[in-house]
Amino acid sequence: VEQSVLEQNVTAVQPVLARRAARLAATPPAAESHEAIPFDSGHAFPGVLPDLTAAAQAALTAFRAETLQYGVRPGLPEMREFIASYMNADGAKVTADEILVVNGAKHGLDLLCRLLLDEGDSIVVTAPTYFTSIPIFRSFGVEFVEIGQDDEGMSVAELEDALRRLAAAGRKPPKFIYNVPDYHNPTAVTMTRGRREALLEVAAAHGIPVIEDSPYRKVRFEGVLEPSLKALDRRNGVYLLGTFSKLVAPGLRIGWVAAPRDVVARLVQLKSDGGTCPLTQRIILEFARAGGLERHIEKVQSVYRAHRDRMVAALNSELPEVKTTYPHGGYYVWLEFPQNVDTDALAKRAADFGATMIPGSKFFAGAGPASSKTPSAPKHFARLAYSHASPDEIEEGVKRIASALRSMRA
Ligand SMILES: Cc1ncc(COP(=O)(O)O)c(C=O)c1O
């Protein structure tokens, strides 16, 4: 289109953007490099993707009238039942009508934002937080209340302090608290039981719902998991985002929101997709019915445990001056370089050396932390995903990052 406008020597139409879009970068996302060792994305390891042929065959034959039709808007009834029992086996108490099937957890997050946010509202996020959520939140014109974390998870004392200060300044309370309590993205920290209970207490005292984004809960390598916030909640104050992206395959785009019935009823009306794809829902149901899901979750755990081990060993030997969190689950390791290392520059240099990573600055939502203890968008952190690359690539990729760092210092 641009070419034809140029040829005719006329002025291109410049649409007047909505405020929510004007805040977004106009540059298209960088093309994915297929040569570099990928530590940047939370993609699945290709070797762990399950064979869904039999499930897809059944979905397209025995279930054709259902799977090639428009989907039921809240999700296939069997899928809602399945998700409710999957969650209840993990300590929650939800019914099928409290489940909304969505096109991945990110879609659920976007819907919850559409339900809850007006321009000028504030929301609570951790500093750092899941970076893909940041432009979604930002498009709604919110202010961020950034709360620090330690090795027990989100600092509830800091949260209380921030809420008190907002109230003292005559400000409205934040509209929700967003957190990833299990194997946090990007820090890998898991909230302790005490912190979970304290968070729910404070949130309830201020009447603020909590969005619990928990894609990695079952990607657990060792140790026991604390109950989900949803399982601990007694006040209908937790909206959980779940997904099959990390349990089966991200390309299927099936996730869910577990929330009180009235919330689900409104979210359904905000959903503009004609129903989440019934074909991929049925493929997952058939896969689970045949016992594939449980076996696959075990495989996911053992494959990524081996990836984690290789990553940790490579970091210890190649980058001993870097502090890391030790992930007991999930896809990521969070690196703290010495203060004088600028990881924005290092990420560019590492890409030249053939390994991609995400600099830590991308994970800070940007409005400055609620407490002066944590500097805003510090420059010496980075996230490496060990999910996508093979174990041998992981070792080689860490060597490349170490070489890139040496070359920056030379
Ligand atoms: C914290 C968090 N939430 C949500 C998602 C996305 O999940 P989905 O593929 O279901 O949209 C991810 C994936 O990387 C994630 O890390």
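Located above this text is the structure these notes cover.
Keep in mind that this is a model prediction, so the values were computed, not measured.

A. How the structure looks around the pattern of salt bridges. Tallied over the entire structure, the rule returns 25 salt bridges. Between R261 and D97 there is a salt bridge, with the nearest N and O atoms lying 2.7 Å from each other. With R261 in helix α11 (residues 261-270) and D97 in the loop between α5 (77-88) and β2 (99-102), the pair connects residues that are 164 residues apart, well separated along the chain. Here D121 makes a salt bridge to K172, at a shortest N to O gap of 3.1 Å. Residue D121 is located in the loop between α6 (105-116) and β3 (122-126), and its partner K172 is located in the loop between α8 (156-168) and β7 (177-179); the two are separated by 51 residues in the primary sequence. Each of D90, D182, R196 and R217 takes part in one network of salt bridges that share partners.

B. A look at the nonpolar core. Ranked by internal contacts, the top residues of the largest apolar core, which has 39 residues, are F39, Y304, M311, F337, M357, L384 and I401. When contributions to this core are tallied by element, the ones reaching two or more residues are α13 (292-318), β12 (332-336), α14 (343-352), β15 (381-385) and α15 (391-409). Setting aside its immediate chain neighbours within four residues, Y304 contacts A44, F45, V48, V219, F221, Y331, Y386 and S387. A105, L109, L116 and Y130 belong to the second-largest nonpolar core, a separate cluster that totals 31 residues.

C. Spotlight on the side chain of S214. Structurally, S214 is set in the loop between β8 (210-213) and α10 (229-232). Within the local environment of S214, its side chain forms a polar contact with the side chain of D182, the two groups lying 2.7 Å apart. Here S214 is in contact with D182 and L241, once residues within four sequence places are set aside.

D. Molecular detail of the pairing of β2. The side-chain alternation of β2 yields two buried faces, one formed by I99 and V101 and the other by L100 and V102. Two strands pair when backbone bridges link them, and β2 and strand β10 (residues 255-258) are joined in this way by four bridges, in the antiparallel orientation. Following the sheet pairing, V101 is matched in β10 by W256.

Rules of the game
- Residues numbered from 1 in each chain as written.
- Predicted model: local features only at pLDDT ≥ 70, side-chain atom pairs only at ≥ 80, totals over all residues.
- Heavy atoms only, no water.
- Salt bridge = Lys/Arg side-chain N within 4 Å of Asp/Glu carboxyl O.
- Helix = DSSP H or I, 4+ residues; strand = E, 2+ residues; numbered from the N terminus.
- Core = buried A, V, L, I, M, F, W, Y, C linked by side-chain atoms within 4.5 Å.
- Buried < 20%, exposed > 50% of the residue type's maximum accessible area, 1.4 Å probe, protein only.
- Contact = heavy atoms within 4.5 Å.
- Polar contact = N/O pair within 3.5 Å; in protein donor to acceptor, adjacent residues only side chain to side chain.
- Pairing = 2+ DSSP bridges.

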